[in-house]
Amino acid sequence: MAEQKKLSGVATGLMAFGPFVLYGFASGANHWRVATGGGLILCLVFIAVRLRRGIPIRLMDWTTVTFFAIGSVMMIGLRSTVFPAYNVVVIWSCFAVAAWSSIAIGHPFTTAYARENTPPEFWVHPVFIRLNLVMTLVWCGLMTVNVGFAVTGVVIGGNFGKLVPGFALPTALLIAGFVFNSRFPARYMARAGDLGDGASPVVPS
């Protein structure tokens, strides 16, 4: 049962990246209406699958839907000529605003991911709460820096602007963020224990 649940979680995780995979290939081929409209459809399918399984929809899931909805309105509804040039700025701005908003309202977005694999009795543990606040702040910074990279790419323009500050640097920073997710929680827990906080919950990366 646990293995089946794990495989199901992996499949659901892959579905979450599906819209951006389609978006990357379609936009790269200059098929912007397919990229935005197709991405939105995949997002809605992903949301429907989670709802059908009784899995809560997370803030970043809704943020992804929001981006593709904006893109679809711009490219399919308005046939914008501006969106292709600024699409990376829009992507990272959506996620940065969502991340910082979760801090502002007192519900760091990483908490939703951590709760999926952490027993409910640990959700109010001070270490669990502080850990997710720190992790969310790191991601807020990462996404904000990527907004800056995206804007720089637009200013520079050309293939260099698109490929280096527009794609390569944000992607590298994103990968660094996932590496951070895989290593930081365990180290933070060990440090919290050393500081005498008592028994700490096991928070997955």
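What counts, and where the lines are drawn
Each residue is numbered by its place in its chain's sequence as written, counting from 1. With the structure being a predicted model, the display of local features is reserved for residues of pLDDT at least 70 and the display and counting of side-chain atom pairs for 80 or more, all residues being used for whole-chain, interface and lining totals. Processing note: side-chain calculations cover all non-hydrogen atoms of the structure and skip hydrogens and water entirely. To define a nonpolar core, start from buried Ala, Val, Leu, Ile, Met, Phe, Trp, Tyr and Cys residues and group those joined through side-chain atoms within 4.5 Å. Note on exposure labels: buried denotes an accessible area under 20% of the residue type's maximum, exposed denotes more than 50%, and partly exposed covers the range between, all computed with a 1.4 Å probe on protein chains only. Secondary structure is summarised from DSSP: a helix means a run of H or I of at least four residues, a strand means a run of E of at least two, and numbering begins at the N terminus for each. In this description, contact between two residues means that some pair of their heavy atoms is separated by no more than 4.5 Å. Working definition: rings of Phe, Tyr and Trp (its six-membered ring) pair if their centres are within 6.5 Å, and the pair is stacked with planes under 30 degrees apart, edge-to-face with planes over 60 apart, and tilted otherwise. Here, expected helix span is obtained from the residue count minus one, scaled by 1.5 Å. Here the bend at a residue is taken as the angle between two axes, fitted respectively to the seven residues that end there and the seven that start there. For patch building, the residue pool is restricted to those with more than 30% relative accessible area and no salt bridge; the joining distance is 9 Å between like charges and 5 Å between nonpolar side chains (Val, Leu, Ile, Met, Phe, Trp, Tyr). The accessible surface values rely on the Shrake-Rupley method and a 1.4 Å probe; as for residues, cover is taken only from the protein chains in view. Take a side-chain nitrogen of Lys or Arg and a carboxyl oxygen of Asp or Glu: if they are within 4 Å of each other, that pair is a salt bridge.

1. Topic: the nonpolar core
If you look at the biggest cluster of nonpolar residues, it comprises 37 residues, and the most contacted ones within it are Tyr23, Met60, Phe67 and Met143. Contributing elements (two or more residues each) for this core: α1 (2-28), α2 (32-52), α3 (59-77), α4 (83-104), α6 (126-156) and α7 (158-194). If we ignore the near neighbours within four places in the chain, the residues touching Tyr23 are Gly28, Trp32, Ala35, Thr36, Phe67, Phe68, Phe83, Asn87 and Ile91.

2. Remarks on the packing of aromatic side chains
This structure, assessed with the given rule, holds 13 aromatic pairs. With a centroid separation of 5.5 Å and an interplanar angle of 80°, the aromatic rings of Tyr23 and Phe67 are classed as edge-to-face. Highlighted residues: Tyr23 in helix α1 and Phe67 in helix α3, separated in sequence by 44 residues. The same class applies to Tyr23 and to Phe67, which are both buried.

3. Focus on unusual backbone geometry
What you tend to see is this: most non-glycine residues have negative phi, and most peptide bonds are trans. Even without a glycine there, the phi angle at Asn30 is positive, about 70°. Mapped onto the fold, Asn30 is located in the loop between α1 and α2. Residue class for Asn30 comes out exposed when judged on its relative accessible area of 57%. The phi angle at Arg79 is positive, at roughly 50°, despite the residue not being glycine. With respect to the element layout, Arg79 can be found in the loop between α3 and α4.

4. Description of α2
Helical periodicity: at 3.6 residues per turn, an α-helix aligns residues three or four positions apart in one direction. Helix length check: α2 (21 residues) gives 30 Å between terminal C-alpha atoms against 30 Å at 1.5 Å per residue, within 8%. Phi for Gly54, located one or two positions after α2, is positive at around 75°.

5. Concerning α4
Its axis deflected by about 30° at Val89, α4 carries its strongest bend there. Considered for burial, the residues of α4 that qualify are Phe83, Asn87, Val89, Ile91, Trp92, Cys94, Phe95, Ala96, Ala98, Ala99 and Ser102. Looking one or two residues past α4, Gly106 carries a phi angle of roughly 80°, positive in sign.

6. So, a nonpolar patch on the surface
Taken together, Phe17, Val21, Phe25 and Phe178 make up a surface patch of nonpolar side chains, about 440 Å² in accessible area. The element contributing the most residues to the nonpolar patch is α1, with 3 residues. Tracing the backbone shows Phe178 in helix α7. Residue Phe178 is classed as partly exposed on the basis of its relative accessible area, which comes to 40%.

7. A look at the pattern of salt bridges
The full count for this structure, using the stated rule, is 4 salt bridges. Linking Glu116 and Arg58 is a salt bridge whose minimum nitrogen-to-oxygen distance equals 3.1 Å. With a gap of 58 residues between them, Glu116 in the loop between α5 (110-115) and α6 and Arg58 in the loop between α2 and α3 connect regions that are remote in the sequence. For Glu116, a relative accessible area of 36% corresponds to the partly exposed category. A relative accessible area of 11% places Arg58 in the buried class. Through salt bridges that share partners, Arg50, Arg58, Asp61 and Glu116 make up one connected network.

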